[in-house]
Amino acid sequence: MTRAKQDGGLGFRDIQCFNDALLGKLSWRLINNPDGLLARILRGKYCKYNPILEVQAASNCSHGWRSILIGRELVKEHLGWAIGNGESVKIWSDAWLSTSHGAQPMGPAIEQTRDALVKELFQENTCRWSTDKITHLFPELAPQILSIKTSSKGEPDNRIWLKHESGVYSTKTGYQAALKSRTIDAGTGDQPAFQWAKKVWEVNAPLKIKLLIWKALHGGLPVNERLATRLIIPSSGCVRCGEVETITHVFFTCPFAQETWRKIPFKRDILLSGIQHFTEGWSLVQAEISFPPTGLNTGSLAAWVIWSLWITKNYWIFLERTFSEQEVATKAVVDAKEWNAAQPLKSNHLLVKQGREPEQKFEVICQSDAAWKKESLTAGAAWKYTRRRDELNRSTSLIFTFVKSPLVAEGLALRSAMEQAILLDYKQISFESDSKILVTAILEGSHISDLHGILADIRSLAGAFTSVSFHWVPRNSVSSVDVLAKQVLNAFVPNMV
Ligand SMILES: [Zn+2]
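Residues numbered from 1 in each chain as written. Predicted model: local features only at pLDDT ≥ 70, side-chain atom pairs only at ≥ 80, totals over all residues.

> Give a description of the overall build of the protein that names residues and reports values.
If you tally the helices and strands in the protein, you get 18 helices and eight strands. Every one of the 497 residues in the protein was classed for burial, and the buried ones make up 36%. When contacts within the protein are restricted to residue pairs at least 6 apart in sequence, long-range pairs at least 24 apart make up 66% of them. (Helix = DSSP H or I, 4+ residues; strand = E, 2+ residues; numbered from the N terminus. Buried ≥ 20, exposed ≤ 12 C-beta atoms within 10 Å, placed from the backbone. Contact = placed C-beta atoms within 7 Å.)

Dropping the structure here:
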């Protein structure tokens, strides 16, 4: 199982960590979607009395359940909370102070407050921090706590995976976390693991293909050589050429594979006949650059060729359908292009409209922007409403304190602009911001732990308009609100308490 490191081989530890990371994915789903079908079944069977995060493995439980609990340990180790309404999070026992590492206040001082919830630190009947309570209870943590921007609309708290800024668990970050804790256990530095991530997980291709490559790298594919050893089939020969069919043979050294690779529009010819291991072949083809017309990134097309070779081999075996080398190569190029085209565009202009396309002259355009000072963690926010119909032009600016990043400042500005627009009874509105990260998160519904409360509010507030859209615009088109935000920030003198 363990090949030499210079061959790009992978240690047993890597496989175990990867396994744990996959199991972690399952646990993550159970924790976050407790009403899903699988979760309901498992809960009924194993977690009748205890939530999944606390249940212990019974001596008679199944192997599958035991595995899930292994994954749970990995997830649990790096689980935190993003605060929305503070109703689900315990002050003293849950990790809620940071979105990047597990942190909670030390305590509690007295028994009666042991199970106190975060919402008890809010002002009466709101989701706003009570500065009095916080400075009284945690004088040294006050800035950190006040910089957590809660949901003003009372949206729920969210469990977050602390190993990614989105707060969402992925097999990749789970693997990195598992590897790290094992590395710490073993007390050794690790070079090849990074390589491995690069060779497999960072390839621009769908997960199914990365898994195929990962299995191939581990010698875990059912090729004839293996099946014959285990007496599943009589011959270990390749159906195309009769030589022993190893994994390396299927993908690189079989004359059929070599001819397929030759048909791929790479910039230079590659010589595959002498390849000894899959890792060697993969490193070679992965580095190849394809000709511009395909428009594909390095590594991506090679991954699709691997996929095509495998799929068409299975067609041959199971359906007795054969393909020519040209067909396999064309399939790879076409599939790769299609897949790449379907990926979310990281382009400059994002646009989504809810409801009917409004007549432009009725629509209010709202531009928001923020300025931020690192030394004082304060932000100036400004926004401006304009409308063509009646030459509406109205702007507002506001100061925010305890703001931990420019991104949070942008979020606060947009949320405030939305709240005021609702009060002003604007129905058709289009919000423009120069923060690409913010607008992308809104449009794609993706998560950012530091913005949890704010994003939840923005999504909820959006429902108040008959027509609403969000756009990213370049910085220079919001220059007038940018000036306002800077003005209010520079005029602000922090309270020297
Ligand atoms: Zn062959």
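Anyway, onward from the coordinates.
> Which residues make up the pairing of strand β5 (residues 378–387), and what values go with them?
Counting buried residues in β5 gives seven out of ten residues, a clear majority hidden from the surface. Taken together, the nine bridges between β5 and strand β6 (residues 392–400) define a ladder with antiparallel strand orientation. Bridged to W383 within β6 is T396. Where β5 folds back onto β6 in an antiparallel hairpin, the turn is made up of four residues, including E391, whose phi is positive at roughly 55°. (Pairing = 2+ DSSP bridges.)

> So, helix α11 (residues 255–262): which residues are in play, and what are the values?
Within α11, the full set of buried residues consists of F256, A257, T260 and W261. Relative to the axis of α11, the buried residues are bounded by an arc of 135° and lie together on one face. (Arc of directions from axis to C-beta.)

> Before we move on, could you go through unusual backbone geometry and cite the residues and values that matter?
Its identity is not glycine, yet N125 carries a phi of approximately 60°, on the positive side. You can see N125 is positioned in the loop between β1 (79–82) and α4 (131–137). Assessed through the 6 C-beta atoms surrounding it within 10 Å, N125 is described here as exposed. Of note, the phi angle at E391 is positive, near 55°, even though the residue is not glycine. Mapped onto the elements, E391 comes out in the loop between β5 and β6. Judged by the 7 C-beta atoms lying within 10 Å of it, E391 falls in the exposed class.

> So, the nonpolar core: which residues are in play, and what are the values?
A370, A379, A381, A409, L412 and A413 are the most contacted members of the largest nonpolar core, which totals 44 residues. Those elements that provide at least two residues to this core are β4 (364–373), β5, α15 (406–423), β7 (428–433), α16 (436–444), α17 (452–462), β8 (467–472) and α18 (479–491). Counting residues per element, this core draws most heavily on α15, which supplies nine residues. Setting aside chain neighbours within four positions, we find A379 in contact with A370, A371, W372, F400, V403, A409, L412 and L489. Among the nonpolar cores identified, the runner-up in size contains 37 residues, and V203, L212, A329 and A336 belong to it. (Core = buried A, V, L, I, M, F, W, Y, C linked by C-beta atoms within 7 Å.)

> Pulling in residues and values, what's your account of the environment of A336?
Structurally, A336 can be placed in helix α14 (residues 325–342). Looking at A336, the number of C-beta atoms within 10 Å reads 26, which means it is buried. Sequence separation between A336 and P206 is 130 residues; the distance between their C-alpha atoms is 9.6 Å.

> Describe in detail the confidence of the model for the protein, supporting the description with residues and values.
Close inspection of predicted coordinates is inappropriate in any region flagged by low pLDDT. When pLDDT is averaged along the protein, the result is 82, and 85% of the positions lie at 70 or above. Segment residues 1–9 is flagged for pLDDT under 50; beyond a separation of four residues in sequence, or across chains, it makes 14 contacts in the model. Considering only residues more than four positions removed or in separate chains, one finds that residues 187–194, a stretch of pLDDT under 50, has six contacts. (pLDDT = per-residue confidence, 0-100.)

> So, the packing of α15 against α17: which residues are in play, and what are the values?
Remark: α15 packs on α17, axes separated minimally by 10 Å, with the N-to-C direction vectors making an angle of 30°. In this view, α15 runs roughly parallel relative to α17, as classed from their interaxial angle. Remark: the crossing between α15 and α17 carries left-handed chirality. Residue-level contacts link G411, L412, L414, R415, M418, E419 and I422 of α15 to I454, D457, I458 and L461 of α17. Grouping the amino acids of the contact of α15 with α17 by side-chain chemistry returns seven nonpolar, one polar and three charged. (Axes fitted to C-alpha atoms, helices over the stretch in contact; angles between N-to-C directions. Parallel < 35°, antiparallel > 145°, perpendicular 65-115°, else oblique. Left-handed = near helix turned anticlockwise from the far one by under 90°. Nonpolar A, V, L, I, M, F, W, Y, C, P; charged D, E, K, R; others polar.)

> Which residues make up the environment of I275, and what are the values?
Mapped onto the secondary structure, I275 falls in the loop between α11 and α12 (278–286). Distance in space between the C-alpha atoms of I275 and H249 is 8.8 Å, their sequence separation being 26 residues. Apart from residues lying up to four places away in sequence, I275 is in contact with T248, F252, T253, E280 and G281.

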